Amino acid sequence: MKPLIFWCRWNETKLLLHGRNPASVWGVMKYWKENDRTVKFSFQLKERILTLGEPDNQIILHLDEMGTLIKDE
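Reading the values: the criteria
- Residues numbered from 1 in each chain as written.
- Predicted model: local features only at pLDDT ≥ 70, side-chain atom pairs only at ≥ 80, totals over all residues.
- Heavy atoms only, no water.
- Helix = DSSP H or I, 4+ residues; strand = E, 2+ residues; numbered from the N terminus.
- Rg over C-alpha atoms; globule rule 2.2 N^0.38 Å.
- Buried < 20%, exposed > 50% of the residue type's maximum accessible area, 1.4 Å probe, protein only.
- Contact = heavy atoms within 4.5 Å.
- Areas by Shrake-Rupley, 256 points an atom, 1.4 Å probe, with all protein chains shown as cover.
- Lys, Arg positive; Asp, Glu negative; His and termini not counted.
- Charge placed at Lys NZ, Arg CZ, Asp CG, Glu CD.
- Phe/Tyr/Trp six-rings, centres within 6.5 Å; stacked < 30°, edge-to-face > 60°.
- Lys NZ or Arg CZ within 6 Å of the ring centre and 35° of its normal.
- Patch = residues over 30% accessible without salt bridge, like charges linked within 9 Å, V, L, I, M, F, W, Y side chains within 5 Å.
- Salt bridge = Lys/Arg side-chain N within 4 Å of Asp/Glu carboxyl O.

**Notes on the overall build of the protein chain**
Argument step 1. Within the protein chain, the secondary structure is distributed over one helix and six strands.
Argument step 2. Helices and strands in the protein chain line up, N terminus first, as α-β-β-β-β-β-β.
Argument step 3. Taken over C-alpha atoms, the radius of gyration comes to 11 Å for the protein chain, in line with the 11 Å a tight globule of 73 residues would show.
Argument step 4. Each of the three principal axes of the protein chain carries a C-alpha extent, and together these read 30 × 20 × 20 Å.
Argument step 5. Across the 73 residues that make up the protein chain, the buried fraction comes to 36%.
Argument step 6. Of the contacts formed within the protein chain by residues at least 6 apart in sequence, a portion of 21% connects residues at least 24 apart.
Argument step 7. Within the structure as shown, the protein chain displays about 4,900 Å² of accessible surface, and the carbon and sulfur contribution to it stands at 51%.
Argument step 8. Separation between the mean location of the 11 positive side-chain charges and that of the 10 negative ones in the protein chain comes to 7 Å.

**Things to note about the packing of aromatic side chains**
Argument step 1. Taken as a whole and assessed by the stated rule, the structure comprises one aromatic pair.
Argument step 2. Ring geometry for F6 versus W10: centroids 5.6 Å apart, planes at 5 degrees, classification stacked. Remark: W10 and F6 occur in helix α1 (residues 2–10); sequence separation between them is four residues, near one turn of the helix.
Argument step 3. Lying over the aromatic face of Y31, R37 brings its terminal NZ or CZ to 4.3 Å of the ring centre.

**Examining a nonpolar patch on the surface**
Argument step 1. On the surface, a nonpolar cluster with roughly 220 Å² of combined accessible area is contributed by M1, I5 and L17.
Argument step 2. Locating L17 in the fold gives a position in strand β1 (residues 13–20).
Argument step 3. Take L17: its relative accessible area is 40%, and that puts it in the partly exposed class.

Note that every value here comes from positions in space, so none of it alone points to a role or purpose.
Here you go:
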């Protein structure tokens with residue numbers, strides 16, 4: 001979960017977890033510098049894949065161990 005925490009720090013978001021299982025965590029990110037805009041997310045722990053947004057309009061990001069973007073899909 002460390003890459004997700006770092007990504008939130010770099011992007012000035014607050015992490016609000018709603019659930020967790022052995023493979024992933026999910027919840028809402030709150031962008032406190034953008035009038036508290038919220039975005040749903042899920043994060044696959046082993047693969048370090050962060051999915052942002054609703055199912056019909058998702059952004060998929062692959063993070064390295066320091067929470068920086070490797071590539072987006």
